[in-house]
Amino acid sequence: MSRDAILGRIRTALADVPRSTPEADVEIAWRYGRPTEMPDVVGRFAERVEDYRAVVERCPAAQVPSRVASALAAHRTQTVVLPDGLDPAWRAAVEEAGLRTVRDDGLPSTTLDAVDAVVTGCVVGVAETGTIMLDHGPDQGRRALSLVPDVHVCVVRTDQVVSDVPEAMARLAPSLRAGRPATWISGPSATSDIELSRVEGVHGPRTLHVIIAE
């Protein structure tokens, strides 16, 4: 059947369909970036992050330094890279725990690959998807820090947790407009082979430990 014949039949079939603007047919009381209502945003976030096989713990903000040090010890790390803008109290707790801290002064990938862990903050966490977003500000460091070490301990404040991706993008937008990179983390790095056997740590940290600071 020729192209003209096919298009002719389509025009005939649509002859009695009223012309309208589909997006104007039904009014939707929703605006991009507005929070989606849910009973417990932080609880949903914690649940979704755990679904990705990440370790999740919640604590008061004052306990974050000790929890960071304990998390690193629990994963048997000996060396850890800390971004320059990380909270000084977290750094002090890590050093007091006897771990060797490494400063990122442009470490080559081979050197960074020998470091056991990294500790970072974040810019926003998404409750609906369990995604943690980094814009690589001072408390997060460059992208390689959150991708190369095998253990990533990430601190998320409760005021950084939002309902869904559109709301998160509204917060992330200033960084993107400024040309900063963004990394979205949904659990530890994982992939599957042709037989669906899960393999972790192929293209990012094998272990993600999230501390939610109340």
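As a reminder, the structure under discussion sits directly above these lines.
Residues numbered from 1 in each chain as written. Predicted model: local features only at pLDDT ≥ 70, side-chain atom pairs only at ≥ 80, totals over all residues. Heavy atoms only, no water.

Q: What is the right way to read the pattern of salt bridges from this model?
A: Side-chain pairing between opposite charges can occur once the charged atoms of the two side chains come close. What the rule picks out here adds up to 9 salt bridges. The partner of Arg103 in a salt bridge is Asp84, and the shortest N-O contact between them spans 3.5 Å. Highlighted residues: Arg103 in strand β3 (residues 100-103) and Asp84 in the loop between β2 (79-82) and α5 (88-96), separated in sequence by 19 residues. Given the relative accessible area of 58%, Arg103 is considered exposed. Beyond isolated ion pairs, a larger network of salt bridges with shared partners links Arg44, Arg48 and Glu128. (Salt bridge = Lys/Arg side-chain N within 4 Å of Asp/Glu carboxyl O. Helix = DSSP H or I, 4+ residues; strand = E, 2+ residues; numbered from the N terminus. Buried < 20%, exposed > 50% of the residue type's maximum accessible area, 1.4 Å probe, protein only.)

Q: I keep staring at the side chain of His209 and nothing clicks. Help me out?
A: By the secondary structure assignment, His209 is in strand β12 (residues 207-213). Within the structure, His209 has its side chain in polar contact with the side chain of His75 (distance 2.9 Å). Residues within four places of His209 in sequence aside, it is in contact with Val55, Glu57, Ala71, His75, His152, Val153 and Cys154. (Polar contact = N/O pair within 3.5 Å; in protein donor to acceptor, adjacent residues only side chain to side chain. Contact = heavy atoms within 4.5 Å.)

Q: Looking at this structure, how should I read the environment of Ala61?
A: Structurally, Ala61 can be placed in the loop between β1 (55-59) and α4 (64-74). The spacing of Ala61 and Ala213 is 152 residues in sequence and 4.8 Å in space, taken between C-alpha atoms. Once residues within four sequence positions are removed from consideration, Ala61 is found in contact with Ala213 and Glu214.

Q: I tried to follow the sheet that holds β12 on my own but got confused; where do I start?
A: Sheet strands line up and pair through hydrogen bonds in the backbone, either parallel or antiparallel. Ordered in space as β1-β12-β7-β4-β2-β3, the 6 strands form an open sheet in which the pairing is parallel. Single-partner strands in this sheet number two, and they are β1 and β3. Strand after strand, the sheet turns through a mean of 25 degrees between neighbouring axes, direction not considered. Across 4 bridges, strand β4 (residues 117-120) lies against strand β7 (residues 151-157) in parallel orientation. By the bridge assignment for β7, Val118 is matched with His152. Contacts from α4 reach β1, β2, β4, β7 and β12 within the one sheet, and its direction differs from that of β1 by about 160 degrees. (Pairing = 2+ DSSP bridges. Axes fitted to C-alpha atoms, helices over the stretch in contact; angles between N-to-C directions.)

Q: Can you walk me through the side chain of Thr120 in this structure?
A: Topologically, Thr120 is positioned in strand β4. Accessibility expressed as a relative area gives 0% for Thr120, which makes it buried. For Thr120, the side chain forms a polar contact with the side chain of His152, separated by 2.8 Å. If near-sequence neighbours (up to four positions away) are discounted, Thr120 is found in contact with Pro83, Leu86, Trp90, Leu134, Asp139, Gln140, His152, Val153, Cys154 and Val155.

Q: What am I meant to see in the pairing of β7 here?
A: The two faces of the sheet receive side chains in turn, since in a regular strand these alternate between them. β7 sits mainly inside the fold: 6 of its 7 residues count as buried. By the bridge criterion, 7 bridges tie β7 to β12 in an arrangement that is parallel. The residue bridging Val153 from the neighbouring strand is His209, located in β12.

Q: Help me understand helix α3 (residues 41-51) in this model?
A: Looking at α3, one finds that the buried residues are Val42, Gly43, Phe45, Ala46 and Val49. Down the axis of α3, the buried side of the element spans an arc of 160 degrees, and every buried residue falls inside it. Looking at the buried positions of α3, the neighbouring elements they touch are β1, β5 (124-126), β6 (131-134), β7, β8 (161-162) and β12. (Arc of directions from axis to C-beta.)

Q: Explain the sheet that holds β5 to me, please; I cannot follow it from the model alone.
A: Pairing in this open sheet of 4 strands is mixed, and the strands run β8-β5-β6-β9 from one edge to the other. Two strands bound the open sheet, and with one partner strand each, they are β8 and β9 (183-185). Against the sheet, helix α8 (residues 165-177) contacts β5, β6, β8 and β9, and its axis sits at roughly 170 degrees relative to β5.

None of the figures reported here should be taken as evidence of function without further support.
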